[in-house]
Amino acid sequence: MAGWTQGFSLFMLFLSVGAARAGEMQADTARRGLEYWGSDPYAALAVAKQQRKLLLVEFYADWNHRSRWMSERVLGDSAVRSLVEARFVAVQVPTGTADGADLAGVYQVTGYPAILIFNANGDVLDKIDVTLDPEDFEQRIQTILMAVQGTGTWRLRQVYAAAEQSDTEATDAAVAQFLGGQLPQDVANGVVWPMFENSVVTRYGSTAFNYLISHVDLFRQEIGREEVDAVLTDALLQSMLPYVVGSVPYGADVAEAMIRTAESLELPAVLSLQSMSDVAALREAEDLSLFVARLGLLLDVVPESYHLPLAMSLDIVAERGSREARGAALKIVNRVHTSLQSPANAAMLELLRDRLK
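From a predicted model like this one, the values you see are computed outputs, not experimental measurements. (Residues numbered from 1 in each chain as written. Predicted model: local features only at pLDDT ≥ 70, side-chain atom pairs only at ≥ 80, totals over all residues. Heavy atoms only, no water.)

**Description of the overall build of the protein chain**
Then step 1. Each helix and strand in the protein chain was counted, giving 20 helices and four strands.
Then step 2. Looking at the protein chain as a whole, 46% of its 357 residues qualify as buried. (Helix = DSSP H or I, 4+ residues; strand = E, 2+ residues; numbered from the N terminus. Buried < 20%, exposed > 50% of the residue type's maximum accessible area, 1.4 Å probe, protein only.)

Structure below.
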């Protein structure tokens, strides 16, 4: 089991990279670059003050991969771009020029990315010097806006900082501090809501998840049922998946609790969760034929993003399945393989296919 757990962890790393690359390719057609006011932050600061906006200064190095990626893929993301252009005056300082290099020295830019946020008085509010995806970058910007507008607290920044490090314990503690003393109606708004959309923040059993279900009617009314239910559903499905793929031992009591939670919330994912639990319980059966058959049916009721990890879970059939079970598993692998766009993911399935033959 330990070997499979390590293999699955490596597989999930490849999966996340492949999914990110596929997402980037699909988004290229809808992405345009951020519109910059210019390259002089001092002149732009006067404009920002006049327009009652903040100033965003991107120190840019064309030769640096992380700098280019943040500029093109993050600042160029449609949601990030809309937010920045609406609430900030943005300038891009090319550090390859003499003036740009001097400015980089003034603000102690020693690596990339390097994006600084200033208020109208020229004070530095934040220095973003880590590579973030568009969602995390947008959340960080929203936090700054909340602090400036007085609608949030520094504690929300702690939530995002912990989530960026994937530290679940610190994230739960930061969420508890942020929510403490606030009225639910002050939390159920479009400014705070992106915090709950973070998958590290809102996990099954997490502080944010429990808070959300405790005030689910209010959130559904203020945010929208579709958006709220999508977050809750994803948290439950993500928590059930490790049981199916075998990265953690199956726990019938926890699985049943998740199903009951979905039922009480009237989520449409009840059938998917029950099917995942049933398949997970069959992993340890002596005859894996039923496991393979039920997993094939499961593909029809879960989101397509789950198909690859479910197919990879058939590795156990290659290890100890009967000839009939291996043949049935091979059909599932071939089925999933035809829908893949990532060469890396396809290569992993091809290796599994060879083992099943």
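**Overview of the packing of helix H13 (residues 225-245) against helix H14 (residues 252-264)**
Geometry of a packed helix pair, given as the angle between the helix axes and the separation of the axes.
Then step 1. One way to put it is that H13 packs onto H14 with a least axis distance of 11 Å and a crossing angle of 155°. Classed by the angle they form, the pair H13 and H14 counts as roughly antiparallel. Of the two possible hands of crossing, H13 and H14 adopt the one that is left-handed. Where H13 approaches H14, its residues Leu236, Ser239, Met240 and Tyr243 are matched on the opposing element by Val254, Ala255, Met258, Ile259 and Ala262. (Axes fitted to C-alpha atoms, helices over the stretch in contact; angles between N-to-C directions. Parallel < 35°, antiparallel > 145°, perpendicular 65-115°, else oblique. Left-handed = near helix turned anticlockwise from the far one by under 90°. Contact = heavy atoms within 4.5 Å.)

**Points about the environment of Ser247**
Then step 1. As for its placement among the helices and strands, Ser247 is situated in the loop between H13 and H14.
Then step 2. On the basis of relative accessibility, which here comes to 16%, the residue Ser247 falls in the buried class.
Then step 3. For the pair Ser247 and Ser313, spaced 66 residues apart in the sequence, the C-alpha separation amounts to 9.2 Å.

**Re the pairing of strand S2 (residues 88-94)**
Then step 1. Most of S2 is tucked away: five of the seven residues are buried.
Then step 2. Sheet topology note: the strand S1 (residues 54-60)/S2 ladder contains seven bridges and is parallel. Paired with Leu56 across the bridge in S2 is Ala90. (Pairing = 2+ DSSP bridges.)

**Some details on the side chain of Ser277**
Then step 1. As for its position among the elements, Ser277 is in helix H15 (residues 270-281).
Then step 2. There is a polar contact of 2.8 Å between the side chain of Ser277 and the side chain of Tyr250. (Polar contact = N/O pair within 3.5 Å; in protein donor to acceptor, adjacent residues only side chain to side chain.)

**Details of the sheet that holds strand S3 (residues 114-118)**
Then step 1. Taken together, the four strands give an open sheet; going across it, the order is S2-S1-S3-S4, and neighbouring strands pair in mixed fashion. Unpaired on one side and paired on the other, S2 and strand S4 (124-128) mark the two borders of the sheet. Taken pair by pair, the neighbouring strands of this sheet meet at an average axis angle of 15°, ignoring direction.
Then step 2. In this sheet, S3 lies alongside S1 in antiparallel orientation, the contact comprising five bridges. Counterpart to Phe59 in the pairing with S3 is Ala114.
Then step 3. The strands touched by helix H4 (residues 78-87) are S1 and S2; relative to S2, the strand with the most contacts, the crossing angle is about 105°.

**With respect to the pattern of salt bridges**
Two side chains bearing opposite charge may form a pair once their charged atoms approach each other closely.
Then step 1. Tallied over the entire structure, the rule returns ten salt bridges.
Then step 2. Salt-bridge contacts for Arg335 lead to Asp300; the nearest nitrogen and oxygen are separated by 2.6 Å. One end of the pair, Arg335, is in helix H19 (residues 323-337); the other, Asp300, is in the loop between helix H16 (289-298) and helix H17 (307-312), and 35 residues separate them in sequence.
Then step 3. With relative accessibility at 38%, the residue Arg335 sits in the partly exposed group.
Then step 4. The class for Asp300 is exposed, based on a relative accessible area of 55%.
Then step 5. One continuous salt-bridge network, built from bridges that share partners, spans Asp126, Arg140, Arg157 and Glu164. (Salt bridge = Lys/Arg side-chain N within 4 Å of Asp/Glu carboxyl O.)

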